[in-house]
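Structural features, examined
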Amino acid sequence: MKYFLIAGEASGDMHAAVLMTQIKQRDPQTQFVGLGGSQMATAECRLYQDIRHMAFMGFAAVLANMGQIRRNFRIAEEALLQEKPDALILVDYPSFNLRIAAFCKKHLPTTKIYYYIPPKVWAWKRRRIHRIAQLCDEVLGIFPFEPAFYAKYGYRCTYVGNPTAEQVALNTQNNPNTPNNQSSPNPPTIAILPGSRESEIRHCLPKMLEAARRFPDYRIVVCAAPGIDEAIYRACMREGETLTRETYEAVRQAKAAVVNSGTATLETALLGTPQVAVYHLACSGIVRWIRPWIQPLMFSIPYFTLVNIICGKEVIRELLGEDFTTEKVTAELQGLLTDEAYTKEMLVEYEHLSALLGTQPAAATAAQIITSKR
């Protein structure tokens with residue numbers, strides 16, 4: 001069997017590599033080709049393009065790199081025609097992947113198309129659900145509510161498990177002696193998770209640090225993302241503040257965390273640490289003014305963080321745009337550090353979150369479905 005995989009970002013590269021390993025265990029003769037990153041290459045995928053030339057985020061970056069994006073489409077299309085794979089596996093990266101899925105459906109009608117970690121159509125661009133369902137033979141979702149959402153439109157989606165939950169569980173299993181925030185070392189710590197992209201770190205970290213510094217009895221630990229130069233963080237930090245790349249250990253030991261909204265909020269919840277979520281919005285004053293008009297058109301859910309979306313209620317406080325101020329982060333940290341009833345209720349909801357996600361291994365389940373469809 002030959003599989004053609006496409007992942008356009010670092011997280012997709014990681015998830016694709018794990019999936020490839022699981023497929024290989026079931027079929028050692030499998031061949032992998034596609035577009036991705038170093039982790040996919042390590043897992044023996046022959047790459048036609050590297051994610052360093054694909055991961056463009058934001059309108060300005062996309063516009064500036066439009067020529068490269070067009071080249072990437074051409075590379076993917078020509079590679080598909082040359083390789084004629086048995087299956088095309090798409091990993092997140094929706095705008096690019098949906099166009100390639102349409103090309104594959106038209107020119108290689110016998111190639112099976114699988115979407116692992118499909119677009120978050122339940123959050124925004126809901127109309128995409130029709131295109132996804134029509135183009136893909138199997139949609140393999142990573143959130144437990146996705147099958148019901150697809151079923152409302154008459155489509156099928158299989159929940160295979162959540163890779164973040166799986167990753168956190170494996171880390172906990174491999175580090176059983178790491179203390180949690182109930183028995184953290186002295187002095188107690190506040191963990192700061194400012195995001196995984198340089199631009200968001202520059203916008204968020206100064207305010208996050210300023211709020212944490214208002215609690216002098218706590219040590220501040222800043223969690224650095226893979227691939228980001230330490231100098232970006234240290235430019236905002238003071239003497240005595242710690243920088244670490246051992247994020248799970250730091251979060252698990254912290255009394256509370258300030259987290260830039262994203263997958264990190266889900267990781268923090270599964271690690272059992274009380275948190276407040278923040279997110280920088282450019283031109284937040286304008287966004288706040290037009291939000292009542294644009295939200296019904298673009299967004300389908302009332303929450304922004306994965307923790308609240310999955311639980312269907314406000315479990316953690318979301319401070320977005322104009323609400324992301326040092327004063328509001330400080331006030332929320334005060335509650336997280338001193339109000340035991342408040343944090344206990346949050347931890348109870350975390351347990352509910354964990355139960356909703358379940359324990360099935362996402363990549364292994366997805367690999368079983370894919371390899372059984374030969």
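Presented here is an overview of the structure given in this document. Source: prediction; values computed, not measured.

On to the overall build of the chain, then. Within the chain, the regular secondary structure consists of 17 helices and 13 strands. Computed over C-alpha atoms, the radius of gyration of the chain comes to 21 Å, within 12% of the 21 Å expected from 2.2 N^0.38 for 374 residues, which places it in the range of a compact globule. Dimensions of the chain, computed from C-alpha atoms along their principal axes, come out at roughly 65 × 50 × 45 Å. Taken across its 374 residues, the chain has 51% of its residues classed as buried. For the chain, the proportion of contacts with a sequence separation of at least 24, taken over those separated by at least 6, is 65%.

To continue, consider the pairing of strand S11 (residues 256–260). Counting buried positions over the 5 residues of S11 gives 5, a clear majority of the element. The two faces of S11 match: Ala256, Val258 and Asn260 on one face and Ala257 and Val259 on the other face are all buried. In this sheet, S11 lies alongside strand S8 (residues 189–193) in parallel orientation, the contact comprising 4 bridges. When the sheet's bridge partners are listed, Leu193 is paired in S11 with Val259. Note: S11 against strand S12 (residues 275–279), 4 bridges, orientation parallel. The residue of S12 that forms the bridge with Val259 is Ala277.

What follows concerns the pattern of salt bridges. Scanning the model with the defined rule gives 15 salt bridges in all. A salt bridge links Arg156 to Glu138, with the nearest nitrogen and oxygen atoms 2.9 Å apart. Here Glu138 lies in strand S6 (residues 138–141) and Arg156 lies in the loop between helix H7 (146–152) and strand S7 (158–159), a separation of 18 residues in the sequence. In this structure, Lys328 engages Asp323 in a salt bridge whose closest nitrogen and oxygen atoms are separated by 2.8 Å. Relative accessible area serves as the criterion here: at 33%, Lys328 is assigned to the partly exposed category. Through salt bridges with shared partners, a single ionic network connects Lys2, Arg46 and Glu83.

Let's shift gears to unusual backbone geometry. One non-glycine residue with positive phi stands out, namely Glu44, at about 75°. Within the secondary structure, Glu44 is located in the loop between helix H2 (38–42) and strand S3 (45–50). Residue class for Glu44 comes out exposed when judged on its relative accessible area of 55%. Unlike most non-glycine residues, Ile117 shows phi in positive territory, near 65°. Mapped onto the fold, Ile117 is located in the loop between strand S5 (112–116) and helix H6 (128–135).

Our focus in this paragraph is the sheet that holds strand S1 (residues 2–7). Spatially, the 7 strands line up as an open sheet ordered S3-S2-S1-S4-S5-S6-S7, and their pairing is parallel. Edge positions in the open sheet fall to S3 and S7, since each of these has one partner strand only. Here strand S2 (residues 31–36) pairs with S3 via 5 bridges, running parallel. Bridging across to S3, Val33 finds its partner in Arg46. Against the sheet, helix H4 (residues 66–83) touches S1, S2, S3 and strand S4 (87–91), its axis set at about 150° to S3.

This paragraph deals with the state of the cysteines. If you walk through the whole model with that rule in mind, you get 0 disulfides. Not engaged in a disulfide, the cysteine Cys236 finds its nearest cysteine sulfur in Cys204; these two sulfurs lie 11 Å apart. On the basis of relative accessibility, which here comes to 23%, the residue Cys236 falls in the partly exposed class.

Put simply, helix H8 (residues 163–174) and helix H12 (residues 263–270) touch, their axes get as near as 10 Å, and they point 40° apart. As summarised for this structure, H8 and H12 are arranged oblique, according to the angle between their axes. The chirality of how H8 crosses H12 is right-handed. Here H8 contributes Thr164, Ala165, Gln167 and Val168 to the contact with H12, which in turn contributes Thr263, Leu266, Glu267 and Leu270. Each residue belonging to the contact of H8 with H12 can be placed in one class, and the counts come to 4 nonpolar, 3 polar and 1 charged.

Another aspect to go through is the nonpolar core. Grouped together as the largest cluster of nonpolar side chains are 122 residues, with contacts concentrated most on Ile89, Tyr116, Ile192 and Tyr233. At 7 residues, helix H9 (residues 198–212) tops the list of elements feeding residues into this core. Residues within four places of Ile89 in sequence aside, it is in contact with Tyr3, Phe4, Leu5, Ile6, Leu19, Ile23, Tyr114, Tyr116 and Ile370.

Attention now goes to the side chain of Glu332. Assignment of secondary structure puts Glu332 in helix H15 (residues 326–338). If sequence neighbours within four positions are ignored, Glu332 has contacts with Val276, Arg317 and Tyr342.

With that out of the way, let us pick up the pairing of S12. Of all 5 residues making up S12, 4 are buried, and the element is well covered by its neighbours. Handedness of the crossover is the feature at issue here: the chain leaves S11, passes through H12, returns alongside S12, and the resulting connection is right-handed. Taken together, the 4 bridges between S12 and strand S13 (residues 317–320) define a ladder with parallel strand orientation. Note on S13: the bridge partner recorded for Val278 is Leu319.

Calculation notes
Residues numbered from 1 in each chain as written. Predicted model: local features only at pLDDT ≥ 70, side-chain atom pairs only at ≥ 80, totals over all residues. Heavy atoms only, no water. Helix = DSSP H or I, 4+ residues; strand = E, 2+ residues; numbered from the N terminus. Rg over C-alpha atoms; globule rule 2.2 N^0.38 Å. Buried < 20%, exposed > 50% of the residue type's maximum accessible area, 1.4 Å probe, protein only. Contact = heavy atoms within 4.5 Å. Pairing = 2+ DSSP bridges. Salt bridge = Lys/Arg side-chain N within 4 Å of Asp/Glu carboxyl O. Axes fitted to C-alpha atoms, helices over the stretch in contact; angles between N-to-C directions. Disulfide = S-S within 2.5 Å. Parallel < 35°, antiparallel > 145°, perpendicular 65-115°, else oblique. Left-handed = near helix turned anticlockwise from the far one by under 90°. Nonpolar A, V, L, I, M, F, W, Y, C, P; charged D, E, K, R; others polar. Core = buried A, V, L, I, M, F, W, Y, C linked by side-chain atoms within 4.5 Å. Right-handed = clockwise from strand over helix to strand, strands pointing away.

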